[in-house]
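Breakdown of the fold
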Amino acid sequence: GFWENTDISSCYDATGYGPVFEDQPVDTIYPEESPEAKITMSCRARANPPATYTWRLNSRNIDQDEDNHYTLVGGNLVISNPIKNKHVGKYTCKATNDYGTVVSREAAVQFGYLDFFSSEEREAVYVKEGQGAVLLCAPPPHYPDELSFRWILNEFPVFIPLDKRRFISQTTGNLFISKVDSSDSGNYSCFVSSASIAKSVFSKFIPLVPLAERPIRKYPADIKVKFPDTFALVGQNITLECFALGNPIPQIRWRKMDGELPANHEVSMAGAHLQLYHVQYEDEGTYECEALNSKGKDWHRARVSVEAFPEWTESISSTERDISSDYTMSCEASGKPKPHVHWLKNGYPYDKHDLKFRGLTFEDSGMYQCRAENRHGVIYADAELRVIACAPTFEHNPVKRRILGAKNGRVVLECRPKAAPKASLSWSKGSELLFNSSRMLIWEDGSLEILNVTRADEGRYTCFAENDRGKANSTGFLSITEATKITLAPSNADVTAGESASMQCAASHDSTLDITFVWTMDGRSIDFDRDGAHYERNPNGGSSGELIIKNTQLNHSGRYTCTAQTPVDNVSASADLVVRGPPGPPGGVRVEEIRNKSVRLIWSSGADNHSPISKYTVQCRDWFSQEDWRDATTSPPDVEGNAETATVVDLFPWTEYEFRVIATNTLGTGDPSSPSPKVTTLEAVPVVAPSDIGGGGGTSKELTITWTPVQPQYYYGRNFGYIIAFKPHDVYEWMKVTVADPEAKHYVHKDSSIPASTEFQVKVKAFNIKGEGPYSLTAVIYSAQDVPSEAPASVEARALSATEAIVWWLPVIQHTVEGYQVMEDREASSQRVVVSSRENQTRLENMRPNSPYLIEVRAYNAAGYGPPSHHFQIYTKKAPPSRPPKIISKKLKGTSVNIAWEHVEPLANESTIDGYKVLYRKAGLSTGLLYTTRKRSIDLPMPRDGDCVVEVRAHSEGGDGAVAQVRISGKHQSKPLHPSYMTVDSTKDPPPILYDCRLH
């Protein structure tokens, strides 16, 4: 065995250990077309002495001499130029040193490939518009099974987008179109990718030809992609697929038949994917997808079963055990199915089912592995068992040379030699052998305890250890010091929150020892670094450990303990600190006895923080105020501090409320309680009537009634609406109608017998399921007027230019006329101008040049338009000249400048020129001096400073023509600039034509 003729079973070998894996082989897929012609299987173990490695393929040892494809690099196995039928299989690595052998997990080597699609042409698919279509992918032979699929449309890399109408199954690769339309026409190719070998291939193109059909027929939902019964492992993510054909496009709905869908689910791909993340056992069950449209529905169900990879619930760890002792090594694993557990020792199967050792021997030493396996995988747990035997030794753990004990205290002298088997222990003081007594006790582990020590106990103490392999002893000296005593203990303190408090603490101690003070609050050590904002030590130090508590808070109340400690002993004293402050929040607020305008509130008092609670304040908020809390009205109005209930009054009926309670004492008001559960008050008859009753006007034979709706908080109940009552002022009986819309603002009563402009009395009240509320104040309104009965007379019109005309008429003598509508008709288009009843003429603008128009005028009021006047026809003038004048000269004449231009010849469809308009203005201004002339030149005064602009345009009966501009500078320049011009369309807003003329 590993232990024969060696001494590594002794107690003194502290550095050696057996192999522990740091890197193990993993499943590997080698692409058949890989440019790197080698496979590397990793194996590395930490071991002392270093491990040696061997490999096995399918349980047979690999001999590098027999197969030169294999090379060992460290512990790694390198397979050069691998051959598929020779090197595929399951590999394991063994790591061995003097302490034993461990076997790695199995790792499979497989060759990955993805063949090309067949070169045969794919047949065209013909589908009627509105029907569903399925394009088959039929992926080529491949390994591994995991592929991803996309489809190309017409050319690479144009991939079809996926939506609720189109879906690609990642199981089969098939493309599904729920409802084909004309836009789907094209050539389709299935694009297949294997992530494992980084390769993609695509099929020959499949023509898809939609066939027109009118009308397009509709089809019920028909599920074509159906997820199968599925196994999932705990912690895995899985995707269930479901897609249906149909017109209209079906909707997909998912459910779990025996409960709610798992919280960790997500529906994607327009409903076609149900993804379950981090699957758990409770996710197991039957799942259903339902597809439905307006023509029908379909459904599919399948089961998801959840199993689990093995997982250790009890494992093993390396240990040293004494020879001849008993020891049990056990491991347990969970999983589904239940894993089978068996053992390996030094890489070989171990025939024991449970490792219960009775009287360990050196042969039991070695590397042990526990192996748990179910159909989903294998896990290993490794441990080294080392059986040791040696005579006692204190080499690594002698008795302390100097032991200190405090006078009148307790001292323990430890004795812990290394020995196998376990040694028997005894003690002596000097030459005197010690035995158990009232003051001295030798513990089972060999430690010596002495109680109430005195100076007489000082001296040399020796521990003796002996087993069947030898003896050893170790000696230490016990010295007695003065005991530590509290000389100034902390006193109880009582402060108000925000004040500071001081806790005194001083102690006497042996002068040869250092002393430190440790403070705790309710048993927890005070961290002066973290809590420095509130806790501070006395800066003088020494034998004083005073604690200062600054800006005390309520949570600083508690029991403070000062512990004075030396390396030998410690002593403690405690005191209580009371921090008084405003009360804490009340608890358990709940609502009982709910009525329509009141509820009874119950709570439990919170902490009074050492100052009695004097009163409570109840606050509420309703659905309408949202986040705004307000003080509630209570009965009695003042809630005493010893109360734990109150009635809240003056609430709105049929309103959702939540409540909270705030406590107050002499030191202030505390934080509010958590809100109560939301409750809704009972319904009641409404008491608020609509306001601002009015109306009148409208179309003939109508009575329009308006009001301001009641605010929702005053509905007081379900089925809220309005009752409208109205009658002519001289009639006794009221007519009533009901409006069920709570947000309604008006009601129009239509009756052919209603006389025009008649006085009515109107009132409105609210109602709900509980009854009717009070009426509003009665308002007086008038029924709608009749439309004007007469047409305007003597309508005439005249064209002013190519785009404008003026219209006038004799007004209608009726007091109900509110205004006039003037309509101009030109061929198929018309436009309207509205003026008030005070006007009897208006201008028409934006008309077309040289065009006929029919003009009519109507009187109108709120009831509508009266009869039209007779038609009056006019023709607009021809358009003004479209070309600007061409400026031909500008001459300086003393203090003036002469501007000259060529005559503008109008086109055939343009008006004859009557003359010219010249605008003389400062640069940057839009107004200036306007001159008119029939000449072709003009003298203008030279500007004294700055620039002026001269605008020249032809004038005709059709209006003003296109403009030419010239700039005149008041500054002297060296030479003039020649003018330029451009032609513009006079029917549009032309850009100004700029001439820059600088004269000297």
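Reading the values: rules and limits
Residues numbered from 1 in each chain as written. Predicted model: local features only at pLDDT ≥ 70, side-chain atom pairs only at ≥ 80, totals over all residues. Heavy atoms only, no water. UniProt positions renumbered as here; feature names shortened; annotations may be inferred. Helix = DSSP H or I, 4+ residues; strand = E, 2+ residues; numbered from the N terminus. Rg over C-alpha atoms; globule rule 2.2 N^0.38 Å. Buried < 20%, exposed > 50% of the residue type's maximum accessible area, 1.4 Å probe, protein only. Contact = heavy atoms within 4.5 Å. Areas by Shrake-Rupley, 256 points an atom, 1.4 Å probe, with all protein chains shown as cover. Lys, Arg positive; Asp, Glu negative; His and termini not counted. Charge placed at Lys NZ, Arg CZ, Asp CG, Glu CD. Disulfide = S-S within 2.5 Å. Pairing = 2+ DSSP bridges. Axes fitted to C-alpha atoms, helices over the stretch in contact; angles between N-to-C directions. pLDDT = per-residue confidence, 0-100.

In the annotation of an unreviewed UniProt entry, the chain is listed under the name Contactin 1 and assigned to Oncorhynchus kisutch. The record in UniProt for the chain states the following under Sequence similarities (unreviewed entry): "Belongs to the immunoglobulin superfamily. Contactin family." The Subcellular location (unreviewed entry) comment attached to the chain in UniProt states, word for word, "Cell membrane".

1. Let's talk about the overall build of the chain
Across its full length, the chain holds one helix and 90 strands. In terms of C-alpha radius of gyration, the chain reaches 52 Å, well past the compact-globule figure of 30 Å for 1000 residues. Projected onto its principal axes, the C-alpha coordinates of the chain cover approximately 150 × 95 × 85 Å. The 1000 residues of the chain split such that 44% are buried. Considering only contacts within the chain whose residues lie at least 6 apart along the sequence, 64% involve residues at least 24 apart. In the structure as shown, the chain presents an accessible area of about 52,400 Å², 48% of it carried by carbon and sulfur atoms. If you average the places of the 107 positive and of the 124 negative side-chain charges in the chain, the two averages end up 6 Å apart.

2. A look at the state of the cysteines
With the rule as written, the count across this model stands at six disulfides. One disulfide in the model links Cys 43 with Cys 93; its S-S distance is 2.0 Å. Looking along the S-S bond of the Cys 43-Cys 93 disulfide, the torsion reads about -75°, which is the left-handed sense. Taken together, the residues span a long stretch of sequence, with Cys 43 in the loop between β3 (38-41) and β4 (44-48) and Cys 93 in strand β9 (residues 89-97) at a distance of 50 residues. A relative accessible area of 1% places Cys 43 in the buried class. The disulfide that involves Cys 505 links it to Cys 562, with 1.9 Å between the sulfurs. In this structure the cystine formed by Cys 505 and Cys 562 twists about its S-S bond by roughly -80°; its chirality is therefore left-handed. On the criterion of sequence distance, the pair formed by Cys 505 in the loop between β49 (501-503) and β50 (506-508) and Cys 562 in strand β55 (residues 558-565) is long-range, its members being 57 residues apart. There is no split in this pair, since Cys 505 and Cys 562 are both buried.

3. What about the UniProt feature "domain: Fibronectin type-III" (unreviewed entry) in the chain?
In the UniProt entry, the feature "domain: Fibronectin type-III" (unreviewed entry) is given for residues 585-684, 689-786 and 791-879. Across residues 689-786 one finds 0% helix and 50% strand; the C-alpha atoms that close the span lie 32 Å apart.

4. Here we look at the sheet that holds β49
Spatially, the three strands line up as an open sheet ordered β49-β54-β53, and their pairing is antiparallel. If you trace the sheet from one side to the other, it starts and ends with β49 and β53 (535-537), each paired once. Pairs of neighbouring strands in the sheet enclose a mean axial angle of 20°, with direction left out of account.

5. Quick word on the UniProt feature "domain: Ig-like" (unreviewed entry) in the chain
As annotated in UniProt, the feature "domain: Ig-like" (unreviewed entry) corresponds to residues 19-110, 127-202, 220-305, 310-386, 392-479 and 484-578 in the numbering used here. Secondary structure across residues 127-202 divides into 0% helix and 42% strand, with the first and last C-alpha atoms of the span separated by 23 Å. Within residues 392-479, the helical portion is 0% and the strand portion 52%, while the C-alpha atoms at the span's ends are 27 Å from each other.

6. Quick word on the pairing of strand β87 (residues 937-941)
Side chains of β87 alternate between two faces, with Ile 938 and Leu 940 buried and Ser 937, Asp 939 and Pro 941 left unburied. Across five bridges, the pairing between strand β84 (residues 896-901) and β87 is antiparallel. Its bridge partner lying in β87, Ser 896 is registered against Pro 941.

7. Looking at the environment of Leu 854
Along the chain, Leu 854 falls in strand β80 (residues 852-861). Classification of Leu 854 as partly exposed rests on a relative accessible area of 36%. Distance in space between the C-alpha atoms of Leu 854 and Arg 621 is 67 Å, their sequence separation being 233 residues.

8. Overview of the confidence of the model for the chain
The predicted model of the chain averages 89 in pLDDT, with 94% of residues at 70 or higher. Counting contacts from residues 1-8, a segment whose pLDDT is below 50, to residues more than four positions away or on other chains yields 19 contacts. Contacts from residues 972-1000, a stretch scored under 50 in pLDDT, to residues over four places away or in other chains number 65 contacts.

9. Considering the sheet that holds strand β79 (residues 841-844)
Strand order across the open sheet formed by three strands is β75-β76-β79, with antiparallel pairing between neighbours. A single partner strand is all that each edge strand has here, and the edge strands are β75 (793-799) and β79. Pairwise comparison of adjacent strand axes, ignoring direction, gives a mean angle of 15° for this sheet. Where strand β76 (residues 805-810) and β79 come together, four bridges link them in antiparallel fashion. Within β79, the residue paired with Val 807 across the bridge is Thr 842.

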